[in-house]
Amino acid sequence: MTEAADFYRRVETECPAFQARVAARSLTRYYNACLRPLAITAEQFSLLVGIEGSNEPTVAELAARAGVDATTLSRSVKSLERSNLVRDSGGRGRAGKRLALTDDGRHLLQEAMVAWENARSRLAEAVGEEVLRAAGSGMARLAVAAQTAVPTSGLDGPGTTVD
């Protein structure tokens, strides 16, 4: 094998960011398939849950909780508004507008929660409840570690110095 191929295999087996992206794509496809009969995606389901589980959050608050860009999230929210699942009220812009589910949104969320419970149960049957819980705990710990271990330079690592 070449040095590049060896390095790729090392990244593939040791890099939590690489592994998280692979797992996230697989899980997103899985939940999208489970939610497809309800005509929503896993991302839309997460938004509905986030909105209903908060006290009329703003787009900026939802984005901060989810660790995503507010502009991208704003486009997703607009799609839910066009489908009459979400309404906004109050201020202007991503930091001022308050979001809430409509009656249609609450009804869809109730149906989606059943689909989500079934999907989660199937995953637990496949890998075991303990593995599922450990994965969630591990991802949360990695997220905290990554937020607190931000390098001061893009060159941090063996053989480099940071001024």
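Throughout, a residue's number is its position along its own chain's written sequence, starting from 1. Restriction of local features to residues with pLDDT of at least 70 applies here, the model being predicted, together with a cutoff of 80 or more for giving and counting side-chain atom pairs; totals for whole chains, interfaces and linings are based on all residues. Side-chain descriptors were evaluated using all non-hydrogen atoms of the structure, hydrogens and water having been removed beforehand.

A. Highlighting the environment of alanine 115. Secondary structure is summarised from DSSP: a helix means a run of H or I of at least four residues, a strand means a run of E of at least two, and numbering begins at the N terminus for each. Tracing the sequence through the fold places alanine 115 in helix 6 (residues 103-127). Only protein chains enter the accessibility calculation, which uses a 1.4 Å probe. A residue is then buried if its area is under 20% of the maximum for its type, exposed if over 50%, and partly exposed in between. For alanine 115, a relative accessible area of 15% corresponds to the buried category. Contacts of alanine 115, omitting those with residues within four sequence positions, involve Cys34, Leu35 and Leu38. Residue contacts are defined here by distance: any two heavy atoms, one from each residue, within 4.5 Å place the two residues in contact.

B. Structural detail: the layout of surface pockets. Residues are said to line a cavity or pocket when one of their atoms sits within 4 Å of a point; the points come from a 1 Å grid over protein atoms alone, cavities being sets where a 1.4 Å probe fits but cannot get out and pockets being open sets with protein on both sides within 12 Å along at least five of seven lines. Grid points are joined across faces, edges and corners, and a volume is the space filled by probe spheres set on the points. Taken as a whole, the largest pocket encloses approximately 1600 Å³ of empty space. Around the largest pocket sit 33 residues that line it, and Ala24, Leu27, Thr28, Ser46 and Met139 are the ones nearest its centre. Those elements that place two or more of their residues in the lining of the largest pocket are helix 2 (16-35), helix 3 (42-52), helix 4 (59-66), helix 5 (70-82), helix 6 and helix 7 (129-148). Tallying contributions element by element places helix 2 first for the lining of the largest pocket, with 8 residues. When residues are grouped by polarity, Ala, Val, Leu, Ile, Met, Phe, Trp, Tyr, Cys and Pro land in nonpolar, Asp, Glu, Lys and Arg in charged, and all others, Gly among them, in polar. The residue inventory of the lining of the largest pocket, partitioned by class, reads 21 nonpolar, 7 polar and 5 charged. In this structure, the second largest pocket spans a volume of roughly 200 Å³. Around the second largest pocket, the lining residues are Pro16, Ala17, Gln19, Ala20, Ala23, Met139, Leu142, Ala143 and Ala146. Elements represented by at least two residues in the lining of the second largest pocket include exactly helix 2 and helix 7.

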